[in-house]
Amino acid sequence: MSSNNNQEEFFSSIEQLGQQMIEAGELMQKNAQRLWFDMQRQTLMNQEIGEALALLMQQPDRLQAFQKAMIEALASINSPSEGKERDRRFNDDAWQKPGFKELKDIYLQFSEATMSLFSDILPHDEDKSQRILFYVRQWLSAIAPSNYLMTNPVALLETQKTGGMNLVKGLHNYLEDMKRGKGLQNIRMTDLNAFKPGENLAITDGKVIYQNDLMQLIQYTPTTDKVSEKPLLIVPPWINKYYILDLKQENSLVKWAVDQGQTVFMISWVNPDKSHADMGFEEYVKLGVIEALDAVEQQTGQSSINTLGYCLGGTLLGTSLALLKSKNDKRVNSATFLTTLLDFEYPGELGCFLSQEQLDILDQQMESEGILDGRALAMAYNMLRENDLHWSYHVNNYLLGKEPPAFDLLYWNSDATNLPAAMHSFYLKNMYLENKLKDPGGISIDGVEIDLRKIDIPCYFLSAQKDHIALWKSTFLGAQILSGKNEFVLAGSGHVAGVINPANSGKYSYFINSDTKKPAEEWLETAEQKEGSWWPHWMNWLTELGGSKIAARDNENGKLKAIEDAPGSFVLKTLD
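To keep things clear, this report deals only with the structure shown in the data block. Everything numeric in this text was worked out from a predicted model, so none of it was measured.

**Thoughts on the sheet that holds strand β2 (residues 215-220)**
Then step 1. Strands sit in the order β15-β14-β13-β12-β7-β6-β4-β5-β2-β1-β17 across an open sheet of 11 strands; the sheet is mixed. Both outer strands of the open sheet, β15 (528-531) and β17 (564-565), are each paired with one neighbouring strand and no more.
Then step 2. As paired strands, strand β4 (residues 232-235) and strand β5 (residues 264-269) are joined by 3 bridges and run parallel to one another. Following the sheet pairing, Leu232 is matched in β5 by Val264.
Then step 3. Across the face of the sheet, helix α10 (residues 312-326) comes into contact with β4, β5, β6 (305-310) and β7 (332-338) while running at roughly 155° to β7.
Then step 4. Running at roughly 165° to β7, helix α18 (residues 535-544) makes contact with β4, β6, β7, β12 (459-464), β13 (486-491) and β14 (509-513) of the sheet.

Below is the structure:
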């Protein structure tokens with residue numbers, strides 16, 4: 001009976017796979033133009049690696065040293081490897097079996113020697129060198145024996161155990177990912193049915209009190225009898241969605257701030273489609289930050305407002321503050337910048353995607369489609385940590401045929417948003433490629449030359465030591481541009497975990513030092529280390545700037561009529 005059931009399951013799976021393959025073929029035909037642009041990017045990558053190989057061939061002594069290093073590595077392959085950090089890709093005990101252990105050790109030695117070899121021979125062009133090293137690392141990660149059935153002992157054992165059904169399920173998972181990605185490999189990192197904003201994420205009580213074509217504005221319901229006189233407006237990034245700051249109640253920065261007696265307003269950006277193609281960076285300033293400030297002032301009667309910007313939202317906020325200063329608009333009382341770049345001198349590995357040639361291809365694609373598909377952008381970000389955010393799921397989902405576990409943070413990471421062509425092109429060219437924002441008059445918004453130096457309000461900068469998106473030393477440069485009293489705080493962990501670190505977590509630590517005039521390294525050497533979350537330190541700073549305590553504001557009886565309950569409808573729109 002069991003054998004018959006297995007046979008029926010197998011036949012049913014094969015029939016389903018056949019239909020999925022037909023659908024995948026149709027998708028490829030529909031998305032031929034997108035695949036073409038992807039091929040052009042691959043060609044650029046191959047050209048630069050080819051140039052590096054040509055340089056290598058001109059230095060036979062380095063090739064000989066590489067060969068010698070590999071011979072020595074092979075000779076010592078069975079020697080104890082004490083002191084070396086264990087690679088998580090090979091944690092399973094099956095990798096200690098004869099044959100697989102040696103294969104794993106050879107691969108790790110080869111990877112280390114190859115990265116060292118290319119590091120030594122690359123040209124003096126720092127941007128180009130970083131790109132080539134990034135491409136080489138991607139190649140080395142891709143050829144890891146853990147990624148292939150016949151060289152992964154864990155996958156082979158699973159195949160033997162299930163009679164091959166893990167591979168059938170894996171192919172099913174792969175084709176589902178391709179379908180969901182509209183021809184792009186949109187690898188699933190969590191159970192996408194386990195979460196939904198408004199049900200078990202983004203559930204802090206509030207009302208949408210204003211909206212336009214670009215954003216909704218949420219006012220959260222107070223939980224204290226008294227609140228700070230000056231409200232707090234949060235400007236999140238428009239890549240992904242605002243609820244990274246309002247995941248579950250226990251790790252929601254929004255909920256915690258409300259509980260500390262803050263009147264919190266949150267911008268929730270639209271998930272744009274082709275109709276938003278002409279929405280530029282200027283529209284995000286004017287329809288986003290400026291109109292949100294107008295609405296907060298109208299709703300509360302307060303003309304002194306504290307603000308917070310996260311990542312790209314911080315870059316947008318900084319630009320908006322400079323515009324307001326030029327117009328003698330003094331409504332913003334303070335600004336908090338979370339992992340924000342204002343000076344893009346050191347863009348980190350994101351710069352590997354941003355050569356002029358790559359941007360030319362991207363501009364052509366966005367001109368054709370009207371938007372940058374959020375799935376493509378998510379893939380680029382994931383490849384900054386390729387083994388954690390891509391290849392580990394390749395093994396789990398495709399080779400082992402398993403489902404990824406439910407994880408709120410990775411659900412948010414997968415809930416991607418599109419980007420309007422005009423805005424994204426302006427942002428990449430003027431910020432990342434040409435680094436104009438830091439220069440007085442480098443960019444203009446609404447006919448006004450932007451000068452960040454004129455921002456003289458109190459500012460709180462929070463960066464993260466292991467941030468791979470906004471390098472902390474680069475965010476530090478941004479803090480040095482502004483002319484007000486700045487507080488710079490360096491948290492542990494990375495771009496998200498360093499920020500979303502609840503007050504009672506007991507995790508990580510942070511460094512404080514009010515002297516932001518010295519170089520970053522000197523700042524860190526003389527900084528004071530504090531244990532735990534940075535949240536209470538920030539709240540103390542914010543409360544001092546919040547004015548007197550007043551009766552809590554009712555978000556249902558303000559001057560602006562409530563449109564709908566939080567989290568609103570904009571955040572619920574997913575990619576087609």
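**A closer look at the pattern of salt bridges**
Then step 1. Per the counting criterion, the structure on display carries 34 salt bridges.
Then step 2. Residue Arg131 is joined to Glu48 by a salt bridge in which the shortest nitrogen-to-oxygen separation is 2.7 Å. Of this pair, Arg131 sits in helix α5 (residues 126-142) while Glu48 sits in helix α2 (residues 32-57); the two residues are 83 residues apart in sequence, bridging distant segments of the chain.
Then step 3. For Arg131, a relative accessible area of 9% gives the class buried.
Then step 4. Residue Glu48 is classed as buried on the basis of its relative accessible area of 13%.
Then step 5. Close ionic contact of Asp565 with Lys207 constitutes a salt bridge, the shortest N to O distance being 2.4 Å. One end of the pair, Asp565, is in strand β17; the other, Lys207, is in strand β1 (residues 206-211), with 358 residues separating them in the sequence.
Then step 6. It is possible to trace a salt-bridge network through shared partners that takes in Glu282, Lys286, Lys327 and Asp446.

**Notes on the packing of α2 against α5**
Then step 1. The contact between α2 and α5 brings their axes to 10 Å, and the two run at 100°. With respect to α5, the element α2 is oriented roughly perpendicular. Between α2, through Met45, Glu48, Ile49, Glu51 and Ala52, and α5, the contact on the second element is made entirely by Lys128, Arg131, Ile132 and Tyr135.
Then step 2. Residues belonging to the contact of α2 with α5 are distributed by class as follows: 5 nonpolar, no polar and 4 charged.

**Let's talk about the side chain of Arg375**
Then step 1. Here Arg375 lies in helix α12 (residues 374-382).
Then step 2. Taking relative accessible area as the criterion, Arg375 reaches 10% and is therefore assigned buried.
Then step 3. Only 3.1 Å separates the side chain of Arg375 from the backbone oxygen of Arg180, close enough to count as a polar contact.

**Here's the deal with unusual backbone geometry**
Then step 1. Across the junction of Ala566 and Pro567, the peptide omega takes the value 15°, indicating a cis bond.
Then step 2. For Pro567, the location among the structural elements is in the segment after β17.
Then step 3. Within the chain, Asn240 stands out as a residue other than glycine whose phi angle is a positive 65°.
Then step 4. Residue position: Asn240 is located in the loop between β4 and α8 (253-259).
Then step 5. For Asn240, a relative accessible area of 14% puts it in the buried group.
Then step 6. Notably, Tyr508 is not glycine yet its phi reads approximately 60°, a positive angle.
Then step 7. You can see Tyr508 is positioned in the loop between β13 and β14.

**What about the nonpolar core?**
Then step 1. The biggest cluster of nonpolar side chains holds 125 residues, and the ones touching the most others in it are Leu217, Trp238, Leu245, Trp534 and Trp538.
Then step 2. The element best represented in this core is helix α9 (residues 281-300), accounting for 9 residues.
Then step 3. Setting aside chain neighbours within four positions, we find Leu217 in contact with Lys207, Val208, Ile209, Tyr210, Leu233, Phe265, Met266, Ile267, Ala292, Ala295 and Val296.
Then step 4. The next biggest cluster of nonpolar side chains, apart from the first, holds 12 residues, and it includes Leu56, Ala113, Ile121 and Leu140.

**Re the pairing of β2**
Within a regular strand, side chains alternate between the sheet's two faces.
Then step 1. Counting buried positions along β2 yields 6 of 6 residues, so the element is predominantly enclosed.
Then step 2. As judged from the 5 bridges shared by β1 and β2, these two strands associate in the antiparallel manner. Bridge assignment links Tyr210 to a residue of β2, and that residue is Leu217.
Then step 3. Two successive antiparallel strands, β1 and β2, enclose a turn made up of 3 residues.
Then step 4. Looking at chain direction, β2 and β5 are connected through 5 bridges and run antiparallel. Paired with Ile218 across the two strands is Met266, which belongs to β5.

**What to know about helix α15 (residues 421-433)**
Then step 1. Of all the positions in α15, only Ala421, Met423, His424, Tyr427, Leu428, Asn430, Met431 and Tyr432 are classed as buried.
Then step 2. Tucked into the core, α15 has its buried residues touching α9, α10, α11 (356-369), β8 (371-372), α12 and β9 (419-420).

**Brief notes about the packing of aromatic side chains**
Then step 1. Counted by the stated rule, this structure contains 33 aromatic pairs.
Then step 2. Ring centres 5.4 Å apart and planes at 85° place the aromatic pair Tyr174 and Tyr398 in the edge-to-face group. Note that Tyr174 is positioned in helix α7 (residues 165-180) and Tyr398 in helix α13 (residues 386-399), a separation of 224 residues in sequence.
Then step 3. Judged by relative accessible area, which is 8%, Tyr398 ranks as buried.
Then step 4. A centroid spacing of 5.1 Å and a plane angle of 85° characterise the contact between Phe488 and Trp523, whose relative ring orientation is edge-to-face. With Phe488 in strand β13 and Trp523 in helix α17 (residues 520-525), this residue pair connects regions lying 35 residues apart in the sequence. Exposure class is identical for Phe488 and Trp523. Each is buried.

**A few points about a nonpolar patch on the surface**
Then step 1. Together, Phe10, Phe11 and Ile14 make up a nonpolar patch on the protein surface, roughly 280 Å² of accessible area in all.
Then step 2. If you trace the backbone, Phe11 turns up in helix α1 (residues 2-30).

**Topic: a negative patch on the surface**
Then step 1. Together, Asp125, Glu126, Asp127 and Glu345 make up a region of like negative charge exposed at the surface.
Then step 2. With respect to the helices and strands, Glu345 occurs in the loop between β7 and α11.
Then step 3. For Glu345, a relative accessible area of 44% corresponds to the partly exposed category.

**Quick look at the environment of Glu403**
Then step 1. Mapping Glu403 onto the fold places it in the loop between α13 and α14 (408-414).
Then step 2. Look at Glu403 and you get partly exposed, because its relative accessible area is 49%.
Then step 3. Not counting residues within four places of it along the chain, the set of residues in contact with Glu403 comprises Asn173, Arg188 and Asn396.
Then step 4. Engagement of the side chain of Glu403 in a polar contact is seen with the side chain of Arg188, the distance being 2.7 Å.

Scoring rules and cut-offs
Residues numbered from 1 in each chain as written. Predicted model: local features only at pLDDT ≥ 70, side-chain atom pairs only at ≥ 80, totals over all residues. Heavy atoms only, no water. Pairing = 2+ DSSP bridges. Helix = DSSP H or I, 4+ residues; strand = E, 2+ residues; numbered from the N terminus. Contact = heavy atoms within 4.5 Å. Axes fitted to C-alpha atoms, helices over the stretch in contact; angles between N-to-C directions. Salt bridge = Lys/Arg side-chain N within 4 Å of Asp/Glu carboxyl O. Buried < 20%, exposed > 50% of the residue type's maximum accessible area, 1.4 Å probe, protein only. Parallel < 35°, antiparallel > 145°, perpendicular 65-115°, else oblique. Nonpolar A, V, L, I, M, F, W, Y, C, P; charged D, E, K, R; others polar. Polar contact = N/O pair within 3.5 Å; in protein donor to acceptor, adjacent residues only side chain to side chain. Core = buried A, V, L, I, M, F, W, Y, C linked by side-chain atoms within 4.5 Å. Phe/Tyr/Trp six-rings, centres within 6.5 Å; stacked < 30°, edge-to-face > 60°. Patch = residues over 30% accessible without salt bridge, like charges linked within 9 Å, V, L, I, M, F, W, Y side chains within 5 Å. Areas by Shrake-Rupley, 256 points an atom, 1.4 Å probe, with all protein chains shown as cover. Lys, Arg positive; Asp, Glu negative; His and termini not counted. Charge placed at Lys NZ, Arg CZ, Asp CG, Glu CD.

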